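Residue-level listing of the chains:
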Amino acid sequence: MSGNVVQRVQRVQGVRGVRRFVRRPWRLAAEVSALVIAAVVAFPLYWMVLSAFKPAGEIESSEPRPWTLEPSLDSFRRVFGQQEFGRYFLNSLVVACSVVVVSALIAFLAATAVTRFRFRFRTTLLIMFLVAQMVPVEALTIPLFFQMRDFGLLNTLGSLILPHIAFSLPFAIWMLRGFVKAVPEALEEAAYIDGASRSRFLWQILFPLVFPGLVATSVFSFISAWNDFLFAKSFIISDTSQSTLPMALLVFYKPDDPDWGGVMAASTVMTIPVLVFFVLVQRRLVSGLGGAVKD
Amino acid sequence: MKLSVRSARLVASVAALALAGLTATACAPETSDNSSSGKDEQTGTLRVWLFQEVGNTPKEKVVTSVVDAFEKAHKGAEVKIEYIPVETRAQRIKAAFNDPKSAPDLIEYGNTDTAGYVADGGLLDITKEFSAWGEASDTDPTARQSVTVDGKVYGAPFFVGVRALYYRTDVFKELGLEVPKTMAELTDTAHRIRAARPDLYGLVVGGAYTYGAMPFVWANGGELATGRGGSYASAIDSAASRKGIKAYTSLFGDDNCPAAKCAGMGGNDTITAFAAGKAGMAIGGDFSHTAVEAGKVKGEYAVVPLPGVEAGSVAPAFAGGNNLGVLNSTSHRTLAVDLMEQLASKKTQAELFDAMGFLPTFADTRDAVARKQPYVAPFVKTLAAGTKFVPASPAWSQIDSSLVLPTMFQEIVSGKKDVAAASADAAKKMDAAFGSVG
Amino acid sequence: MRVGRGLSRSSSRPLARSSVPWLYLAPALVVLGGLLLYPVYQLGLISFFQYTQAQVSGGQPTTFEGLANYREIFSDSQFWQVLLATVLFAAACVVSTLSVGCALAVLLTRVRALPRLALMLAALGAWATPAVTGSTVWLLLFDPDFGPVNRVLGLGDHSWTYGRLSAFLLVLLEVVWCSFPFVMVTVYAGIRAVPAEVLEAASLDGASQLRVWRSVLAPMLRPILVVVTIQSVIWDFKVFTQIYVMTNGGGIAGQNLTLNVYAYQQAFASSQYSLGSAIGIVMLLILLAVTLVYLRLLRRQGEEL
């Protein structure tokens, strides 16, 4: 950065108070529009939760109201009253968490390899990881079906976990590169001078430093595994005890007579854990994703 | 940087690991061996898939009582029933054919799928058991035809379904309308209802409602396809068929059922609209009775056979319905066939009629229930007037699921193509499908 | 996005041995090779065979067809129509998502904590919503009979899914809604990582917002913009659930089909697995070409992977 900038920075610090005053009307306008946009973006979510609480018949009313006078828990009762709903929830959690943990570990190793080493085929590999994300998942269902059958995994949660790990890996590696790169090399050298072994550096120094980045990338693996119904629909053929939440949601999608209340209640139940997860990691997510550009 | 020998070996072993054990067949895509297991165990778990209907509870009750009796009679046999959603059935059943290990032993399936499932090698030939089954002789010929492919029997008919004309008695009375006696009168009546009551569809129709549209084609002398015994040729673009297509598609428009709303509708949507009191008339099945009864129009409607071209005639209806079949991969042949006979028995069918309104496939049982429940009369009359079936070709499943006919109707209705062009395209697609299996 | 190369240059340190990166890569390569590369290979294989349900379940033998499946799809006028629609639709989605996402990211930096939190939470909520649900809710909002949107806009019972363009527009809105948060959060994080003083200095110097963006922010954010652009192209080209759910599997007479849904319909609805696979392969090749061209352009401008 040029000295010019430094001078400007000093000037800025001197007049900060004035500037704030001048800018106020603009900022007010920006804040109002931010709030309005937030409301618009949140409206579909609000409508989802609202529809879940509306009593039967009110959803399909020709006078849609953005409120309900008689909130009812009937839709939620239908959702929770489903066979083994708790089981589905648990299954979804098992699938999503296994995918998150395993793919984070594998991606961490791979990202370390492609950022902290120079070797032949490095660029080729990077492009391959990118290409891997382009594979249309839907089209792969058939070959994967046979593969899971040959592994004897059909009808088990394993048939959901394995493909999801594979599909979330390329993106995770691609995103994690920035975080691994952000760790100063001096740190690595210092560690070796102190006599740390390779694996000690990897797991006790690098890993904790990259952890915020892992959290940020995990969000993606978590959502894709949690929300998936394509694999669940195709691979869990007949064993309902291995079903996941999206399958429980699909039950309400009868094309002849869709149970909108049930769909919306089930969706609310499905969205809340992700939202909670999001809110918990929000700070990390932002600082984490920011880390990706700090060069 | 050069790759050392060690790392080269590593790469090689990684690649080997990745591919090892996966390439069972070297250079052809995988298939499954779906031949029958040959085993016939007398104990163990029988898995059964039945369709999840609208308002399924009464069906579950009847089935549970049959299963309880079955389990009592067969010590050591356990029956697990799963109700699968109708809209994902094709995928589920295909998946079951592909993975015998997780496949059920007994399934319910739509009778239009029989030929396709047989060609897929999924269903067990039970001709021997069927002819030995005492009650089979009373099965009506149409129903029997729907489980038969090339003279062999692949299941037991579960119920039949035909469609007839539902109309609003209160609306007809208010507007002073007569029940239509010909197809021309039907169109005219529809327009008059819409003109007098713009909040209603005259006759609610759907662009994706193939089996509601086909009676118009058949009544005008058209056919889906001509031919027998495996080789078919599409006849949907014949002059007579086009006349029928024109008659049906002319019902889409602001003077009856606006295309913007109706082009995307399927059969169930039209019934939902009628039940909600949004239409003067609808083409619905005996199986729709429960849904209509549960709707707003309860007590304000009646049913008559759909009129044909000539006064007093009945437009040929599609003989729909479901069958039960045993899967080729079952290892409990005797048990599965026995349970199938119990579920498709006269007694169970009569109970299912009381519970769900499913029309029995046995002529005598059907007559008995018709005496008990007068609303069945127009449907029985429609059946008696002669029904039509889809081509008994494995290609039909494909034509049906690739939406050839709905696409045709929607193209005409939305003004993308005229009747001649759209029906010619549909005929081409159908012939390609017939050709690919012939 | 420059590569830290200090360590790997010298060969004396333990981390720098050439087998080490491959050791670290091994688990990823095994998983990707087995569960992605191999299925893709199978997909390619299927596309050269006659492969319908009858072959899959062993009712009939598979036969090698060479390029017949490709010939069939290339001679089908519907395929070209779908391809064109897919490209235009994906491009519209990418442009809208990126502009909405970037604009809102900039907006986020201009507001105090409370409105920022509100917008952030709303966006995270949209992000967290399952695609199936998001599509359904949007359909319900725009429903001609029960939806509030027509009521508010006074459109009566206008059906959004009947017209080809309006149906695509509806799907586009939903796609933007659920995918702009990723762009917004990432770009916002990127802007935050730029030292605040640099920005303030620039704006104090009297540079217009547009100029600040173009000559200060954009170059610094470039790596992140590359990532979100590539990701958006990849994701939006493959939009599946939204089209499938909102237009009921491809719209009236298939007018809203995109390649992905078309392939799926061919494969699963019509059981023409080989045709579906061939379309899938074509799609993969198109995406590959687009991305490689893009990367090459970047590299010419001096960027490095």
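Residues numbered from 1 in each chain as written. Chains lettered and ligands numbered in written order. Predicted model: local features only at pLDDT ≥ 70, side-chain atom pairs only at ≥ 80, totals over all residues. Heavy atoms only, no water.

When helices and strands are tallied, chain B shows 20 helices and 15 strands. Taking 22 Å as the expected radius of gyration for a compact globule of 438 residues, we find that chain B reaches 25 Å, a close match to that expectation. Principal-axis analysis of the C-alpha atoms places the extent of chain B at approximately 90 × 65 × 40 Å. Considering chain B as a whole, with its 438 residues, one finds that 55% of them fall into the buried category. Accessible area for chain B stands at about 17,100 Å²; split by element, carbon and sulfur atoms hold 54% of it. The positive charge centre, built from 44 side chains, and the negative charge centre, built from 48, are 4 Å apart in chain B. (Helix = DSSP H or I, 4+ residues; strand = E, 2+ residues; numbered from the N terminus. Rg over C-alpha atoms; globule rule 2.2 N^0.38 Å. Buried < 20%, exposed > 50% of the residue type's maximum accessible area, 1.4 Å probe, protein only. Areas by Shrake-Rupley, 256 points an atom, 1.4 Å probe, with all protein chains shown as cover. Lys, Arg positive; Asp, Glu negative; His and termini not counted. Charge placed at Lys NZ, Arg CZ, Asp CG, Glu CD.)

Turning next to the domain arrangement of chain B. Reports of interface size often rely on the accessible area that becomes lost once the parts have come together. Residues and elements named next belong to chain B. In terms of domain boundaries, chain B breaks down into domain 1 (44–161 + 320–388) and domain 2 (163–318 + 402–437). If you look at the interface, domain 1 gives 17 residues, while domain 2 gives 19 residues. A buried area of about 1,600 Å², summed over both sides, lies between domain 1 and domain 2, and 66% of it is on carbon and sulfur atoms. Here domain 1 and domain 2 share one salt bridge between them. (Domains from an automatic or database assignment. Contact = heavy atoms within 4.5 Å. Buried area = accessible area lost by both parts, 1.4 Å probe. Salt bridge = Lys/Arg side-chain N within 4 Å of Asp/Glu carboxyl O.)

For the rest of this paragraph, the subject is empty space enclosed by the protein. Residue and element names in this part refer to chain A. All chains considered together, the criterion is met by 15 cavities of 30 Å³ or more. In this model, the largest cavity occupies a volume close to 1,300 Å³. Ranked by residues supplied to the lining of the largest cavity, first place goes to helix H8 (residues 198–227) with six residues. Across the lining of the largest cavity, the residue classes tally to 22 nonpolar, 12 polar and four charged. (1 Å grid on protein atoms, 1.4 Å probe; cavity = no way out; pocket = protein on both sides within 12 Å on 5 of 7 lines; lining within 4 Å. Points joined across faces, edges and corners; volume = space filled by probe spheres on them. Nonpolar A, V, L, I, M, F, W, Y, C, P; charged D, E, K, R; others polar.)

Attention shifts here to the sheet that holds strand E11 (residues 279–285) of chain B. Residue and element names in this part refer to chain B. Reading across the sheet, the four strands line up as E8-E11-E7-E12 and stay open at both edges, with mixed pairing between neighbours. Two strands in the sheet have a free side with no partner beyond their single neighbour: strand E8 (201–204) and strand E12 (301–304). The sheet shows a mean angle of 20° between the axes of neighbouring strands, taken without regard to direction. Sheet topology places strand E7 (residues 163–168) next to E12; four bridges connect them, and they run antiparallel. Its bridge partner lying in E12, arginine 168 is registered against tyrosine 301. Running at roughly 135° to E11, helix H12 (residues 267–275) makes contact with E7, E8, E11 and E12 of the sheet. The sheet strands contacting helix H17 (residues 377–384) are E7, E11 and E12, and the helix crosses E7 at an angle near 145°. (Pairing = 2+ DSSP bridges. Axes fitted to C-alpha atoms, helices over the stretch in contact; angles between N-to-C directions.)

If you walk through the whole model with that rule in mind, you get 59 aromatic pairs over all chains. Plain terms: the ring middles of A:Phe167 and A:Phe231 are 5.8 Å apart, the flat faces sit at 40° to each other, and that makes the pair tilted. Of the two residues, A:Phe167 sits in helix H6 (residues 158–182) while A:Phe231 sits in helix H9 (residues 230–235), which places them 64 residues apart along the sequence. A:Phe231 shares its class with A:Phe167; the two are buried. Taking the centre distance of 5.0 Å and the plane angle of 75° together, the rings of C:Phe240 and C:Tyr264 count as edge-to-face. (Phe/Tyr/Trp six-rings, centres within 6.5 Å; stacked < 30°, edge-to-face > 60°.)

Turning next to the interface of chain A and chain B. Contacts between chain A and chain B engage 22 residues on the former and 23 residues on the latter. Between chain A and chain B, the buried area comes to about 2,100 Å², and carbon and sulfur atoms account for 54% of it. Scanning the region where chain A abuts chain B turns up zero salt bridges. Put simply, the parts of the chain that give the side of chain A that touches chain B at least two residues each are helix H5 (137–150) and H9 of chain A. It is H5(A) that provides the largest number of residues to the side of chain A that touches chain B, a total of five residues. Grouping the amino acids of the side of chain A that touches chain B by side-chain chemistry returns eight nonpolar, six polar and eight charged.

What follows concerns the interface of chain A and chain C. Listed as interface residues are 114 residues of chain A and, on the opposing side, 110 residues of chain C. Carbon and sulfur atoms supply 75% of the area that chain A and chain C bury against each other, a total of about 10,100 Å² over both sides. In this structure, the connection of chain A to chain C is made through one salt bridge. For A:Glu31, the salt bridge identified is with C:Arg112, shortest N-O distance 2.9 Å. In terms of residue count, helix H1 (residues 3–53) of chain A provides more of the side of chain A that touches chain C than any other element does, 25 residues in total. Classifying every residue of the side of chain A that touches chain C by side-chain character gives 75 nonpolar, 16 polar and 23 charged.

So, about the packing of helix H5 (residues 77–109) of chain C against helix H9 (residues 164–193) of chain C. All names here are of chain C. Where H5 contacts H9, the axes come no closer than 6 Å and their chain directions differ by 40°. As the angle between them shows, H5 and H9 are arranged oblique. Classified by chirality, the crossing of H9 by H5 is right-handed. Split into classes, the residues belonging to the contact of H5 with H9 amount to 22 nonpolar, six polar and one charged. (Parallel < 35°, antiparallel > 145°, perpendicular 65-115°, else oblique. Left-handed = near helix turned anticlockwise from the far one by under 90°.)

On to the sheet that holds strand E2 (residues 77–85) of chain B, then. Residues and elements named next belong to chain B. Spatially, five strands are ordered E2-E1-E3-E14-E6 in an open sheet, and the strand pairing comes out mixed. In this open sheet, the two strands that pair with only one neighbour each are E2 and strand E6 (156–161). Across the sheet, the mean angle from the axis of one strand to that of its neighbour is 20°, orientation sign disregarded. In the sheet, strand E1 (residues 44–52) pairs with E2 via nine bridges, with the strands oriented parallel. Paired with phenylalanine 51 across the two strands is isoleucine 84, which belongs to E2.

Moving on, we get to the side chain of B:Asp99. Examined against the element boundaries, B:Asp99 turns out to sit in the loop between helix H3 (89–98) and strand E3 (106–110). It is A:Arg149 that comes nearest to the buried, bridge-free B:Asp99 among opposite-charge side chains, at 4.8 Å. Not counting the four nearest positions on each side in its chain, B:Asp99 is found in contact with A:Phe145, A:Arg149, A:Leu154 and A:Ile237.

Here we take up the pattern of salt bridges. Residue and element names in this part refer to chain B. Considering all chains together, one arrives at 23 salt bridges over all chains under this definition. A salt bridge links glutamate 82 to arginine 92, with the nearest nitrogen and oxygen atoms 2.9 Å apart. Here arginine 92 lies in helix H3 and glutamate 82 lies in strand E2, a separation of 10 residues in the sequence. The salt bridge involving arginine 366 is made with aspartate 140; its shortest N-O contact spans 2.8 Å. Separated by 226 residues along the polypeptide, arginine 366 in helix H16 (residues 363–372) and aspartate 140 in the loop between helix H5 (127–132) and helix H6 (141–145) bring together distant segments of the chain.

Right, let's talk about a nonpolar patch on the surface for a bit. All names here are of chain A. Residues Leu28, Val32, Val36 and Val40 make up a contiguous nonpolar surface patch of roughly 360 Å² in combined accessible area. Topologically, valine 36 is positioned in helix H1. On the accessibility criterion, valine 36 (47% relative accessible area) is partly exposed. (Patch = residues over 30% accessible without salt bridge, like charges linked within 9 Å, V, L, I, M, F, W, Y side chains within 5 Å.)

Quick look at the confidence of the model for chain C now. Residues and elements named next belong to chain C. In the predicted model, chain C carries a mean pLDDT of 84, and the fraction of residues at 70 or more is 92%. Averaged over each element, pLDDT in chain C is lowest for helix H1 (residues 6–9) (40) and highest for H5 (94). Listed scores for the predicted complex are pTM 0.83 and ipTM 0.83. (pLDDT = per-residue confidence, 0-100.)

Our next topic: unusual backbone geometry. Glycine aside, negative phi is the norm for most residues, and most peptide bonds take the trans geometry. One non-glycine residue, B:Asp150, lies in the positive phi region at around 50°. Along the polypeptide, B:Asp150 turns up in the loop between strand E4 (148–149) and strand E5 (152–153). The phi dihedral of C:Ala253 falls on the positive side, at around 50°, and the residue is not glycine. Residue position: C:Ala253 is located in the loop between helix H12 (241–246) and helix H13 (259–269).

The next point concerns the side chain of C:Ser232. Residues and elements named next belong to chain C. You can see serine 232 is positioned in helix H11 (residues 209–237). Engagement of the side chain of serine 232 in a polar contact is seen with the backbone oxygen of valine 228, the distance being 2.8 Å. Setting aside its immediate chain neighbours within four residues, serine 232 contacts Val94, Leu98, Val183 and Phe237. (Polar contact = N/O pair within 3.5 Å; in protein donor to acceptor, adjacent residues only side chain to side chain.)

Looking now at the environment of C:Glu197. All names here are of chain C. Summarising the element assignment, glutamate 197 is placed in helix H10 (residues 196–204). For glutamate 197, a relative accessible area of 27% translates into the label partly exposed. Spatially, the C-alpha atom of glutamate 197 lies 31 Å from that of serine 179, the residues being 18 residues apart in sequence.

As a further point, take the state of the cysteines. Residues and elements named next belong to chain B. Considering all chains together, one arrives at one disulfide over all chains under this definition. Put simply, cysteine 257 and cysteine 262 are joined by a disulfide, and their sulfur atoms are 2.0 Å apart. What sets the handedness of the cysteine 257 and cysteine 262 disulfide is the S-S torsion sign, and at about -85° it is left-handed. Judged by its relative accessible area of 0%, cysteine 262 falls in the buried class. (Disulfide = S-S within 2.5 Å.)

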